[in-house]
Amino acid sequence: MISREMIISYLTEYSAIEEIFRTYYEQDGKVNSFYDMEKKYAFFMKEGSRFLQRKKELDEKYPKKILDLDNVDLDAWEKENVQKNMDHEIKEKNRVHFLHKEFFETDKNIFINKHIRFSPGEFHDHEFIEMCYIYRGKVDQFLRSKEGKAEKKETLNQGNLLIIPPGMQHKVNIYDDSMMINIVVNKYTFEKTFLGDIPQQSLLHQFFSEVLFSQESNAYVVFSGGNDEVLRDKLLDLMVAYLNETTYGARICDHYLSIFFLELLGQCKNVKLSSRLGKEGEQMTQILLYINHNYASISLEEVAEEFHYSKTYLNRIFKKHMGTTILKQIQDTRLQESCLLLKNTRMSVEDIALHVGYEDTSYFIELFKKKYKKTPLQYRNDID
């Protein structure tokens, strides 16, 4: 049984290949390119006995599943056709493209690995969602638009999570003790576990859907400002479930991923969106999440004060980007939450009205009927 203590212990050590690559980096004295991997491989062969000794130490200390978090196939470097194909693909497209089938087994929706330090990265993209969690230290990610034209550096600190959509080119180099955990998720599972916990008709759901899955979008999302200990705790739960293969392991991992996302949405105070929306548009995500967290008790004045805007200006930019007003968004969020409570609990209509922010039950029923063309009780009975 692989425990979280075992995972933490392994993450604090250098793997056998990292030690060799670090030695090469220290001797060479510069950040190397992808093509220098051939030199590194020659260096590895030269230092083979030291590598094997370190590998033996780790093999005796940790189960193979933990060691596989490094995801290194050294034999691949000996296969000329693999190297030639990689060289050709990089020269032709200036990136490597990863397919869904290269990362996912038939019964699994999630792939987790530790980013290998002291190994150069090149721009690549893929068919799936990639999330990069900074477990320790600070990491620079380099991202390009889907057209491969604009390039941006995003500095991620400990506890930050970067979500990269399919098709976006990116690379990362880690040449110190920083640690990044990659969580690769197929599109269906991401929609089910991340977007699935946000009401489908909500503006927040539509916003993330457009940002992460639109063919025209060139956006990535960075979550920060959360409780690092809580998020790390949930990530370790996910990794334990991932590494301990059980009969229902894939489904268990999906549930742990959903819990991780719920903590992410609830904990993180800052959400940075990089897209064509501009500086004003980037803040819309934070405003939407703020409303989503505080819908039952906030007003237009409080939202304006929180984000240091006048009420008039806030309403204007919100309507420009979101197509609705702040008050309408608060009301819609309240009503969407009431639908969830009607569906999933036996709370009375009066209690639900209070819970979502309406002291006047009659007014709540009036708003609900106007939006859904039925009363709350009719809505509940139709579900039953």
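Given the structure is predicted, the values throughout are model-derived calculations rather than measurements.

What counts, and where the lines are drawn
Residues numbered from 1 in each chain as written. Predicted model: local features only at pLDDT ≥ 70, side-chain atom pairs only at ≥ 80, totals over all residues. Heavy atoms only, no water. Helix = DSSP H or I, 4+ residues; strand = E, 2+ residues; numbered from the N terminus. Contact = heavy atoms within 4.5 Å. Axes fitted to C-alpha atoms, helices over the stretch in contact; angles between N-to-C directions. Parallel < 35°, antiparallel > 145°, perpendicular 65-115°, else oblique. Left-handed = near helix turned anticlockwise from the far one by under 90°. Nonpolar A, V, L, I, M, F, W, Y, C, P; charged D, E, K, R; others polar. Pairing = 2+ DSSP bridges. Expected span 1.5 Å × (residues − 1). Buried < 20%, exposed > 50% of the residue type's maximum accessible area, 1.4 Å probe, protein only. Salt bridge = Lys/Arg side-chain N within 4 Å of Asp/Glu carboxyl O. Core = buried A, V, L, I, M, F, W, Y, C linked by side-chain atoms within 4.5 Å. Phe/Tyr/Trp six-rings, centres within 6.5 Å; stacked < 30°, edge-to-face > 60°. Lys NZ or Arg CZ within 6 Å of the ring centre and 35° of its normal. pLDDT = per-residue confidence, 0-100.

Counting secondary structure elements, the protein contains 17 helices and 11 strands. When contacts within the protein are restricted to residue pairs at least 6 apart in sequence, those whose partners lie at least 24 apart make up 75%.

Two numbers describe how helix H14 (residues 326-344) lies on helix H17 (residues 376-383): the axes approach to 9 Å, and their chain directions differ by 50°. In this view, H14 runs oblique relative to H17, as classed from their interaxial angle. Considering how the two elements wind past one another, H14 and H17 form a crossing that is right-handed. When H14 is examined against H17, the residues Cys339, Leu341, Leu342 and Lys343 are found in contact with a partner set consisting of Pro376, Tyr379, Arg380 and Ile383. Taken together, the residues of the contact of H14 with H17 sort by class into 6 nonpolar, no polar and 2 charged.

Across 7 bridges, the pairing between strand E5 (residues 138-144) and strand E6 (residues 151-157) is antiparallel. Bridge pairing in E6 places valine 139 opposite leucine 156. Here 3 bridges tie E5 to strand E8 (residues 170-172), and the two strands are oriented antiparallel to one another. Bridge pairing links leucine 143 to histidine 170 in E8.

Once that is clear, we can look at helix H9 (residues 228-243). Across its 16 residues, H9 extends 22 Å between first and last C-alpha, which sits within 8% of the 22 Å expected from 1.5 Å per residue. All buried positions along H9 are accounted for by Asp228, Leu231, Leu235, Leu236, Leu238, Met239, Val240, Ala241, Tyr242 and Leu243. Close packing links the buried residues of H9 with helix H1 (4-11), helix H5 (64-67), strand E2 (110-114), strand E4 (129-136), strand E9 (179-185) and helix H10 (249-267).

Moving on, we get to the side chain of asparagine 182. Note on placement: asparagine 182 falls in strand E9. The class of asparagine 182 is buried, set by a relative accessible area of 5%. Excluding anything up to four places from it in sequence, asparagine 182 contacts Phe111, Ile112, Asn113, His115, Glu130, Met131 and Cys132.

This next bit is on the pattern of salt bridges. Counting across every chain of the model gives 18 salt bridges. For glutamate 19, the salt bridge is made with arginine 54, and the minimal N-O distance between the two is 3.6 Å. Of this pair, glutamate 19 sits in helix H2 (residues 16-28) while arginine 54 is found in helix H4 (residues 48-61), placing the two residues 35 residues apart along the sequence. Its salt-bridge partner being arginine 232, residue aspartate 228 comes within 3.8 Å of it at the nearest N-O pair. Separated by 4 residues within a single helix, aspartate 228 and arginine 232 lie in helix H9, roughly one turn from each other. Within the structure, one salt-bridge network assembled from shared partners comprises Glu13, Glu19, Arg54, Glu57 and Lys61.

Counting residues in hydrophobic clusters, the biggest one holds 69 residues, and the most contacted among them are Ile7, Ile112, Met131, Phe223, Ile287, Val303 and Ile326. Apart from residues lying up to four places away in sequence, valine 303 is in contact with Ile287, Tyr290, Ile298, Leu314, Ile326 and Ile330.

A full pass over the atoms with the stated rule returns 19 aromatic pairs. A ring pair is formed by tyrosine 10 and tyrosine 62, whose centres lie 5.1 Å apart and whose planes are at 75°; its orientation type is edge-to-face. Of this pair, tyrosine 10 sits in helix H1 while tyrosine 62 sits in the loop between H4 and H5, and the two are 52 residues apart along the sequence. Each of the two residues, tyrosine 10 as well as tyrosine 62, counts as buried. Measuring from ring centre to ring centre gives 6.1 Å for tyrosine 372 and tyrosine 379, while their planes differ by 50°; the resulting arrangement is tilted. A residue is classified by how much of its surface remains accessible, and tyrosine 372, at 22% relative accessible area, is partly exposed. Ring pairing ties together the aromatic residues Tyr133, Phe190, Phe194, Phe223, Phe260 and Phe261, which thus form one cluster. Here the basic side chain of arginine 144 rests over the ring of phenylalanine 123, its NZ or CZ set 3.6 Å away from the ring centre. Above the plane of the ring of tyrosine 358 lies arginine 334, whose end atom (NZ or CZ) is 4.9 Å from the centre.

All right, on to the confidence of the model for the protein then. Atom-level detail of predicted coordinates should not be read off regions where pLDDT is low. Put simply, the protein has an average pLDDT of 81, and 79% of its residues get 70 or more. Under a pLDDT of 50 for its full length, residues 75-86 has, in the predicted model, 9 contacts with residues more than four places off or in other chains. In this model residues 88-92 is a low-confidence stretch, pLDDT under 50, and it forms 8 contacts with partners more than four residues away in sequence or in other chains.

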